[in-house]
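This is what each chain is made of:
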Amino acid sequence: MSAVVFARHAMTPAERLRDAGWVAFVGLILGIPLVGLTTVDVGGRLGVETRFGLLAAAVAAVFAGRLLLRWAIDQARNRKQDRDRASTATAADRAHGAQRVVNVLGWVALGASIALPIVFSDNRYVVDTATTVLIYVMLGWGLNVVVGLAGLLDLGYVAFYAVGAYSYALLSTQFGWSFWEALPVSGAMAATFGILLGYPILRLRGDYLAIVTLGFGEIVRIILVNWTEFSNGPNGISSIPRPSFFGLDFSRSAPEGGQTFAGFFGLEFSPMHRLIFLYYLILVLALLTHAFVSRLRKLPVGRAWEALREDEIACQAMGMNTTNIKLSAFAIGAMLGGFAGVFFAARQGFISPESFTFTESAIILAIVVLGGMGSQMGVVLAATLLVLIPEFGRNFAEYRMLLFGLAMVLIMVWRPGGLLSHREPTVRLNALGKASATKEAA
Amino acid sequence: MMLKMEGVHAHYGHIHALRGIDVEVQVGEIVTLIGANGAGKSTLMMSLFGNPKASAGRIVFDGEDITRVHTHEIARRGIALVPEGRRIFPRMTVIENLQMGTAHADPANYAADTARVFAMFPILQERQSQRAGTLSGGEQQMLAIGRALMSRPKLLLLDEPSLGLAPIYIRRIFQIVKELNRDHGMTILLVEQNANQALRVAHRGYVLQHGEITLAGTGAELLASPEVRAAYLEGGHA
C-alpha cells in the first residue's frame, strides 16, 4: 500500500498512473468477491456465476476515478500555492479577513432564519425542516462547550437531551407543569446529570473518557426502555402538551376558560401558526444559547475551558482547579442539551427512547467536529448540512446514507480542521495596543 | 527561608521515586537540581506541587506547611511552575497564554504585568496576536516563562528550560534566569540536565541520583567536584 503516495508535491503523470494502478489493484482484490462472483439459483441448488465483465468495468472505473481525483487535488493545490505566493498578506491579516467573512455569514444566516417562516409561511415541510436544523444547532452549541471548548470527548451527549425531554414530558403529563415552568427545572435536571457523569470521569481523558461517556448515554437510554413504571418503557410518553403563546393555545377550539391564538388576534385558524411559533421559539432559544456561550468564552471560565483543552498539566501549574473547570463544562453543556430536549418533547408531543440512540450522539458530535471544534458559526453550517443532505437525499432512496457518508468524508478531506477552523481570539488587540503605547510614552 | 523540603518521599504507583529529599531554597537564591534522566528531578518538582503528594516528609513554603495542600491551591500561594516541555496553550494566542497565567491573580495588575513581560521578552509583544503554537521552541520557552511570571510568584520553578532548544536559545534562557534573579530578585529553583550551564548561574546546587540527594554545595563547588565532573560534565553519564 506504500505505493499509494500521499505526496506533498504535485505528482508526475507516471506517479499518478502508478498510484491509480495500485488503487485499482486494491479495487480488484476487493471486487473479486464483491462483484466478480455471484450466486444464482441453478434448479433449486445454489451455484456460483462469475461476472468478470462487470468486475473489469468496476476496476476501470476505480482506475479512472482515482486518476481524476489525483489530478483534481493537484490542480487545487497548485492554484492554492499560486495564490499564497501572490498574496503578501500575513497570517494575522488572513485570520482577520476570515473572521470578517464569518461575521458577515453570521448576520446573513440570522436574517435568513428570521425571514424564513415569513417567506415559507404556507410550506409546512420547509418550516419543519428548519426547526429540526435549529434543534441540532442548539445541541451542537451545547456539545461545543464540552468537546470544542473544554476538549472533553463526549459520546453520550444524547443522554442529557433525553433527560431534558423526559423531565418536561413527565412534569407536564403527570403534574401539569407548563412549558415555561418546566424549562428551567428540566435544564437544572440535565445539569445535575452532567455533574453526575462528570465526577467519575474526572481523571479520564481521550479514548477512555469517550468510552465511559458512551456507556453513560446507553445507560440512560436502557433505563428509559426498561423502567416501565417511570418512563412507560419503549411505548414512550404521548400527548405531551405543546407550549402556549403567553397562555394562548394553538388549537382549533379554545380550552375551557382559555383563548386560542387565532381567536385572540382575530386570525383564521391555521395549523401553521403553531409550527411558526415553534420555529421562532427554538430560534430564540438557540440565539440565547449562542449569546450565553459566546459570553462565557470571554469570561475566565471559558478561557479556562480552552486552556484545559490545550494542556491540563499547564492548567494545574497556573493554579486552576481542573475539577471545577471540567464539572462546569459538563454541567453547562448538559443544561443546554436539556433545554433542547424540552423543546424537542414539546414539539413532537411524543417521545420514546427510540429518539435518543447513540446515532443521535454521533450526529451531534459530527456537527461539532465538521463545523470546526469550538467554532459557533461552524456548528450552524454543519448542522444545516447534516440535516439537509439526508433531506435532499430522499430522492435517492437507499443511497441516501451513502451520500451522507460521502459528504462527511469529503468535508474532512477538504477541510481537515472542520468547515470553520479559525479560532477567534478572546482578547482583542486594541486593549493591549493601548497598554504598550502608554508604556512607550512613559 | 523560601522553601524547605524535609525527608520527602514520593511514589508513582509502586515506584518509590523520591527517597527522603532534603532541599532548602533561601529568598533571592538560584538553586539548581541536577541529575541524570529518571533520577527524580521532575518528580521532585511535581511533588512540590502536590502531584503526586509526598507520601512522607514535610514541605514548607514561605513559613506554611503545603504538604497536604491541593495542587491548584499551591500555585495560588505564590509558586509558579514552568513545566517540562513548555506546555504552552498552542491554539491560543500569545497574549491569551499570558492571560492564563493570571488565572488567580489580581486583575488590577494585568496591564502592568503584561508590560513587564513584554519589556523582558520584546519578541512576545511582536507576536502577541499570533497563535502560540506557531512560535519557535525558544520563543515558546520565553512565553512559558512569561506566563509563569504573570502571577507575580515568590518562587519560580523551571523544569528543564533548555530542553530541546537551539544553543543560541539555551544561552539566552540561562541569561534570562540570571537577569530574573539579579534584576527582579526572583527566587528560582532550576531543574536541569545541562549541568554545566545550570551550575554556572546557580548559587547553590543539589545532585539527585536514584531519588536521593547525593551531593550538595555552591555552584562553584559542584562544578569543581570530581564526582560531578565525572558524571555530568566530562564524557557524559558515568
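Quantities reported herein were computed from a predicted structural model and do not represent experimental measurements. (Residues numbered from 1 in each chain as written. Chains lettered and ligands numbered in written order. Predicted model: local features only at pLDDT ≥ 70, side-chain atom pairs only at ≥ 80, totals over all residues.)

Chemist: I'd like a rundown of the overall build of chain B, residues and numbers included.
Modeler: Helices and strands together make up the secondary structure of chain B, namely ten helices and ten strands. Considering only C-alpha atoms, chain B reaches an extent of 45 × 40 × 35 Å along its principal axes. The buried share of chain B, reckoned over its 238 residues, is 50%. Looking at chain B alone, contacts between residues at least 24 apart form 67% of all its contacts between residues at least 6 apart. (Helix = DSSP H or I, 4+ residues; strand = E, 2+ residues; numbered from the N terminus. Buried ≥ 20, exposed ≤ 12 C-beta atoms within 10 Å, placed from the backbone. Contact = placed C-beta atoms within 7 Å.)

Chemist: Could you give me a rundown of the overall build of chain A, with the residues and numbers involved?
Modeler: Along the backbone of chain A there are 17 helices and four strands. Over its C-alpha atoms, taken along the principal directions, chain A stretches across nearly 95 × 80 × 50 Å. Within the span of chain A, comprising 442 residues, buried residues form 36% of the whole. A fraction of 73% describes how many contacts in chain A between residues 6 or more apart in sequence connect residues 24 or more apart.

Chemist: A description of the sheet that holds strand β6 (residues 79-82) of chain B should follow, citing residues and the corresponding values.
Modeler: All names here are of chain B. Pairing is mixed in the open sheet, where six strands are placed in the order β6-β7-β8-β3-β9-β10. In the strand order of this sheet, the two ends are held by β6 and β10 (212-218), each with one partner. For this sheet the average axis-to-axis angle between neighbouring strands, irrespective of direction, equals 15 degrees. With six bridges connecting them, strand β9 (residues 204-209) and β10 associate as antiparallel partners. Within the sheet, the bridge partner assigned to valine 207 lies in β10 and is leucine 215. (Pairing = 2+ DSSP bridges. Axes fitted to C-alpha atoms, helices over the stretch in contact; angles between N-to-C directions.)

Chemist: Lay out the interface of chain B and chain A in plain terms, naming residues and giving numbers.
Modeler: On the side of chain A, 25 residues touch chain B, which itself brings 30 residues to the contact. Secondary-structure elements contributing two or more residues to the side of chain B that touches chain A are α2 (71-76), α3 (94-100) and α4 (110-120) of chain B. The class makeup of the residues in the side of chain B that touches chain A is 13 nonpolar, 13 polar and four charged. (Nonpolar A, V, L, I, M, F, W, Y, C, P; charged D, E, K, R; others polar.)

Chemist: Outline the domain arrangement of chain A, supporting the account with residue identities and numerical values.
Modeler: Taken domain by domain, chain A consists of domain 1 (13-78) and domain 2 (97-424). Once you take the C-alpha centre of each, domain 1 of chain A and domain 2 of chain A turn out to be 42 Å apart. (Domains from an automatic or database assignment.)

Chemist: Lay out the environment of methionine 120 of chain B in plain terms, naming residues and giving numbers.
Modeler: Residues and elements named next belong to chain B. Tracing the backbone through its elements, the reader meets methionine 120 in helix α4. Judged by local crowding, methionine 120 falls into the partly exposed class, with 18 C-beta atoms found within 10 Å. Separated by 46 residues in the primary sequence, methionine 120 and isoleucine 74 place their C-alpha atoms 26 Å from one another.

Chemist: How would you sum up the sheet that holds strand β5 (residues 64-65) of chain B? Please name residues and give values.
Modeler: Residues and elements named next belong to chain B. Read from one edge of the open sheet, four strands run β2-β1-β4-β5, paired in antiparallel fashion. The open sheet has two edge strands, β2 (15-25) and β5, and neither has a second partner. Contacts between helix α1 (residues 41-48) and the sheet are confined to β1 (3-12), β2 and β4 (56-61), with β2 contributing the most and set at about 70 degrees to the helix.

Chemist: Outline the confidence of the model for chain B, listing residues and values.
Modeler: Across chain B, the average pLDDT comes to 90, with 98% of residues at 70 or higher. Interface confidence for the predicted complex, expressed as ipTM, amounts to 0.85; the pTM equals 0.79. (pLDDT = per-residue confidence, 0-100.)

Chemist: Let's hear about helix α10 (residues 271-298) of chain A: which residues, and what values?
Modeler: Its 28 residues place the ends of α10 of chain A 42 Å apart at the C-alpha level, agreeing with the 40 Å of an ideal helix rising 1.5 Å per residue. The set of residues buried in α10 of chain A consists of Leu275, Leu278, Tyr279, Ile282, Leu283, Leu285, Ala286, Thr289 and Val293 of chain A. (Expected span 1.5 Å × (residues − 1).)

Chemist: Tell me what's going on with the nonpolar core, and back it up with residues and numbers.
Modeler: Formed by 170 residues in total, the largest nonpolar core has its most connected members in Met138 of chain A together with Leu157 of chain B. Ranked by residues supplied to this core, first place goes to helix α13 (residues 322-348) of chain A with 15 residues. When neighbours within four sequence positions are excluded, leucine 157 of chain B is seen to be in contact with Met45, Leu48, Ile79, Ala80, Leu81, Val82 and Leu189 of chain B. (Core = buried A, V, L, I, M, F, W, Y, C linked by C-beta atoms within 7 Å.)

Chemist: I'd like to hear about the environment of arginine 309 of chain A, residue by residue, with values.
Modeler: For arginine 309 of chain A, the location among the structural elements is in helix α11 (residues 300-310). Sequence spacing of arginine 309 of chain A and phenylalanine 179 of chain A is 130 residues, and the spatial spacing of their C-alpha atoms is 35 Å.

Chemist: An account of the packing of helix α6 (residues 179-198) of chain A against α13 of chain A is requested, with residue identities and associated values reported.
Modeler: Geometrically, a packed helix pair is captured by the angle between its two axes and the distance between the axes. All names here are of chain A. The contact between α6 and α13 brings their axes to 7 Å, and the two run at 140 degrees. Here α6 is positioned oblique relative to α13, judged by the angle of their axes. You can see that α6 and α13 cross each other, and the crossing is right-handed. Of the residues in the contact of α6 with α13, the class split is 17 nonpolar, eight polar and one charged. (Parallel < 35°, antiparallel > 145°, perpendicular 65-115°, else oblique. Left-handed = near helix turned anticlockwise from the far one by under 90°.)

Chemist: Could you give an account of unusual backbone geometry, with specific residues and numbers?
Modeler: The omega angle of the peptide bond from asparagine 51 of chain B to proline 52 of chain B is 5 degrees, so this bond is cis rather than trans. Along the chain, proline 52 of chain B turns up in the loop between α1 and β4. The phi dihedral of serine 239 of chain A falls on the positive side, at around 45 degrees, and the residue is not glycine. Locating serine 239 of chain A in the fold gives a position in the loop between α8 (228-231) and β3 (248-249).

Chemist: Quick one: what's the story with the confidence of the model for chain A, residue by residue and with numbers?
Modeler: Residue and element names in this part refer to chain A. Here chain A averages 85 in pLDDT, while 91% of its residues score no lower than 70. Within chain A, the lowest mean pLDDT, 44, falls on helix α17 (residues 429-441), and the highest, 95, falls on helix α5 (residues 158-175). Low confidence marks residues 430-442, where pLDDT is under 50. Its contacts with residues over four positions away, or in another chain, come to ten contacts.

Chemist: Got a sec to walk through the packing of helix α14 (residues 358-371) of chain A against helix α15 (residues 376-392) of chain A? Specific residues and values, please.
Modeler: All names here are of chain A. Two numbers describe how α14 lies on α15: the axes approach to 7 Å, and their chain directions differ by 130 degrees. Relative to α15, α14 is oriented oblique. Once α14 is placed against α15, the crossing between them reads as right-handed. Contact with α14, carried on its side by Ile363, Ala366, Ile367, Val368, Leu370 and Gly371, involves Gly378, Val379, Leu381, Ala382, Ala383 and Leu386 of α15 and no other residues of that element.

Chemist: Lay out the environment of leucine 336 of chain A with the relevant residues and their values.
Modeler: Residue and element names in this part refer to chain A. Positionally, leucine 336 belongs in helix α13. Placed 19 residues apart in sequence, leucine 336 and serine 355 show a C-alpha to C-alpha distance of 18 Å. In this view, leucine 336 contacts Met138, Trp141, Gly142, Val145 and Thr289; residues no more than four positions away in its chain are not counted.

Chemist: Outline helix α1 (residues 13-36) of chain A, supporting the account with residue identities and numerical values.
Modeler: All names here are of chain A. Helix length check: α1 (24 residues) gives 30 Å between terminal C-alpha atoms against 34 Å at 1.5 Å per residue, more than 12% under. Of all the bends in α1, the greatest reaches close to 45 degrees and is centred on leucine 30; the proline proline 33 follows between one and four positions later. What α1 keeps buried is the set Arg16, Asp19, Ala20, Val23, Ala24, Gly27 and Gly31. (Bend = angle between axes of the 7 residues up to and from the residue.)

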